[in-house]
There are 2 protein chains.
Amino acid sequence: MAETDWTDRHVARWRSHWVDIHFDDEVEALVTRIGRLQRFLKSTVQTAVAEVGIQDFEYETLHSLMIRDTPGTASPTDLAEDLGVSGAGMTGRLDGLEKAGWVQRTHSPDDRRRVVVEITREGADIWRRAMALRGAQEEELASVLNDRERVQLNRLLKKLTLWTETR
Amino acid sequence: MAETDWTDRHVARWRSHWVDIHFDDEVEALVTRIGRLQRFLKSTVQTAVAEVGIQDFEYETLHSLMIRDTPGTASPTDLAEDLGVSGAGMTGRLDGLEKAGWVQRTHSPDDRRRVVVEITREGADIWRRAMALRGAQEEELASVLNDRERVQLNRLLKKLTLWTETR
DNA sequence: CCAGATTACTTCGCTAGCGAATTATTCGTC
DNA sequence: GACGAATAATTCGCTAGCGAAGTAATCTGG
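Residues numbered from 1 in each chain as written. Chains lettered and ligands numbered in written order. Predicted model: local features only at pLDDT ≥ 70, side-chain atom pairs only at ≥ 80, totals over all residues. Heavy atoms only, no water.

Visitor: Explain the side chain of B:Lys158 here, please?
Guide: Summarising the element assignment, B:Lys158 is placed in helix α7 (residues 147-166). Overall, the relative accessible area of 10% leaves B:Lys158 in the buried class. (Helix = DSSP H or I, 4+ residues; strand = E, 2+ residues; numbered from the N terminus. Buried < 20%, exposed > 50% of the residue type's maximum accessible area, 1.4 Å probe, protein only.)

Visitor: In this structure, what is going on with the protein's contact with DNA strand D? I would like to understand it.
Guide: By nearness alone, 21 residues border DNA strand D, and A:Thr77, A:Thr91, B:Ser86, B:Arg93 and B:Asp111 come closest of all. When the atoms of DNA strand D within 4 Å of the protein are sorted by group, sugar and phosphate make up 75%. A:Val115 is positioned with one of its backbone polar atoms (N or O) 3.2 Å from a phosphate oxygen of DNA strand D. Interatomic distance of 2.9 Å between a side-chain N/O atom of B:Arg93 and a phosphate oxygen of DNA strand D. For the surface near DNA strand D, the elements supplying multiple residues, two or more each, are α4 (76-83) and α5 (87-99) of chain A together with α5 (87-100) of chain B. In the surface near DNA strand D, the residues fall into six nonpolar, eight polar and seven charged. (Near = heavy atom within 4 Å. Polar contact = N/O pair within 3.5 Å; in protein donor to acceptor, adjacent residues only side chain to side chain. Nonpolar A, V, L, I, M, F, W, Y, C, P; charged D, E, K, R; others polar.)

Visitor: Even after reading the chapter, I still don't get the UniProt feature "domain: HTH marR-type" (unreviewed entry) in chain A, so can you show me in this structure?
Guide: In the numbering used here, UniProt assigns the feature "domain: HTH marR-type" (unreviewed entry) to residues 27-162 of chain A. Helix makes up 69% of residues 27-162 of chain A and strand 9%, and the two end C-alpha atoms of the span are 18 Å apart. (UniProt positions renumbered as here; feature names shortened; annotations may be inferred.)

Visitor: What is the right way to look at the sheet that holds strand β3 (residues 115-119) of chain A in this model?
Guide: The strands that make up a sheet are held in pairs by hydrogen bonds between backbone atoms, and each pair lies either parallel or antiparallel. Residues and elements named next belong to chain A. Read from one edge of the open sheet, three strands run β1-β3-β2, paired in antiparallel fashion. The open sheet has two free edges, formed respectively by β1 (73-74) and β2 (103-107), since each of these has just one partner strand. Of the pairings in the sheet, the one linking β2 to β3 comprises five bridges and is antiparallel in character. Its bridge partner lying in β3, Gln104 is registered against Glu118. With respect to the sheet, helix α3 (residues 56-66) is in contact with β1, β2 and β3, its orientation differing from that of β3 by roughly 100 degrees. (Pairing = 2+ DSSP bridges. Contact = heavy atoms within 4.5 Å. Axes fitted to C-alpha atoms, helices over the stretch in contact; angles between N-to-C directions.)

Visitor: Teacher, can you tell me more about helix α6 (residues 121-142) of chain B here?
Guide: In an α-helix, one full turn covers 3.6 residues, which means residues spaced three or four apart are oriented alike. Residues and elements named next belong to chain B. Relative to the 32 Å expected for 22 residues at 1.5 Å per residue, α6 spans 31 Å between its end C-alpha atoms, a close match to the ideal helical length. Listing the buried residues of α6 in full gives Gly123, Ala124, Ile126, Trp127, Ala130, Met131, Arg134, Glu138, Leu141 and Ala142. Each buried residue of α6 lies within a common arc of 155 degrees when the element is viewed along its axis, so the set occupies one face. Structural note: α6 exposes Arg121 and Ala132 on the side pointing more than 90 degrees away from its buried face. (Expected span 1.5 Å × (residues − 1). Arc of directions from axis to C-beta.)

Visitor: I keep staring at the interface of chain A and chain B and nothing clicks. Help me out?
Guide: It is common to give the size of an interface as the accessible area lost on bringing the parts into contact. Counting from both sides, the interface comprises 73 residues of chain A and, opposite them, 73 residues of chain B. Taken over both partners, the interface formed by chain A and chain B buries close to 7500 Å², and the fraction arising from carbon and sulfur atoms is 65%. Here chain A is connected to chain B by 12 salt bridges. In this structure, B:Glu149 engages A:Arg155 in a salt bridge whose closest nitrogen and oxygen atoms are separated by 3.8 Å. At the boundary of chain A with chain B, the tally comes to 26 residue pairs in polar contact (both at pLDDT 80 or more). Listed by contribution, the elements that provide at least two residues to the side of chain A that touches chain B are α1 (6-17), α2 (25-50), α3, α4, α6 (121-142) and α7 (147-166) of chain A. With 18 residues, the single largest contributor to the side of chain A that touches chain B is α7(A). Of the residues belonging to the side of chain A that touches chain B, the class tally is 30 nonpolar, 15 polar and 28 charged. (Buried area = accessible area lost by both parts, 1.4 Å probe. Salt bridge = Lys/Arg side-chain N within 4 Å of Asp/Glu carboxyl O.)

What follows is the structure in structure tokens.
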């Protein structure tokens with residue numbers, strides 16, 4: 001691979017200017033590339049889901065609601081944990097989603113502290129349309145890799161995620 | 001690999017509930033794992049650099065200042081582009097860094113529209129200490145992979161980043 | 001040489017999200 | 001069965017960051 005990416009140049013600059021400081025090229029490159037890929041993915045999701053009139057964090061919240069053992073329904077706390085936002089942040093998101101008519105909140109009858117969030121018909125519809133667009137973007141990116149490479153990449157990434165989840 | 005990570009369970013839930021919708025398991029897994037790894041990395045950087053009394057975005061800005069062809073000096077626009085923040089956001093970051101005494105801004109003498117950002121002695125010191133802590137965290141994560149796997153993972157990630165940077 | 005376009009940065013108004021405090025409900029124990 | 005601890009969500013005050021508008025300096029073409 002003769003071509004260099006941003007990360008190669010970043011690491012090379014480091015090497016030439018700061019040789020005295022301990023620094024593992026491969027580790028820095030890994031971390032940098034993951035960060036830059038995530039930035040790219042976020043921006044493509046943003047523009048993709050904007051086409052159906054929804055924002056990335058709204059899409060993500062609806063997505064989290066649908067992709068669970070009880071599809072379309074969850075507690076605010078569950079959603080907050082899965083999405084890595086605070087409870088306060090989730091209240092804010094749900095306020096917006098509820099006002100837009102994409103979810104509705106009701107108090108659980110057997111424990112009135114609990115809130116049950118449910119997706120509405122309109123919420124499910126817009127989520128499906130946003131997901132199709134987002135999926136197309138991601139497949140375009142993934143098409144750079146062949147099937148074997150995708151599996152291989154997932155295998156290596158999973159080694160890392162497993163460690164982060166169990167430590 | 002018998003153990004499942006969060007992403008495996010996420011994809012499996014999808015499979016069992018929404019089989020009718022087009023959906024590539026490997027692609028969804030890739031995107032999900034990259035997102036979750038970035039989330040993890042962000043949180044470890046946050047706690048690591050907090051030990052020297054600095055925030056992640058401050059550390060990143062100093063880091064970007066140091067890792068360039070002209071170490072320790074740059075324009076706000078260059079920094080904003082490298083870091084993926086808006087010009088307005090960079091002005092805000094530099095306000096904070098300048099107030100803390102970690103950078104200083106001067107007008108370029110030959111083009112007075114331009115601002116030259118320079119790191120101070122204190123800025124460079126705190127960056128070095130933050131970097132050591134951050135690096136230790138990242139190496140701990142990377143130690144899950146052996147040398148061959150790190151190279152392999154970087155090779156696959158680079159295929160993706162190259163595409164995102166040139167399309 | 002000067003009027004309009006361009007460039008570089010900052011200011012302004014606004015939004016998403018955070019942590020801490022608050023409210024409301026349920027659990028646990030004596 | 002009542003009182004304190006624990007739990008679930010929301011409210012509050014605040015911060016980082018965005019896009020658009022504004023300011024100031026430089027370039028460019030007639």
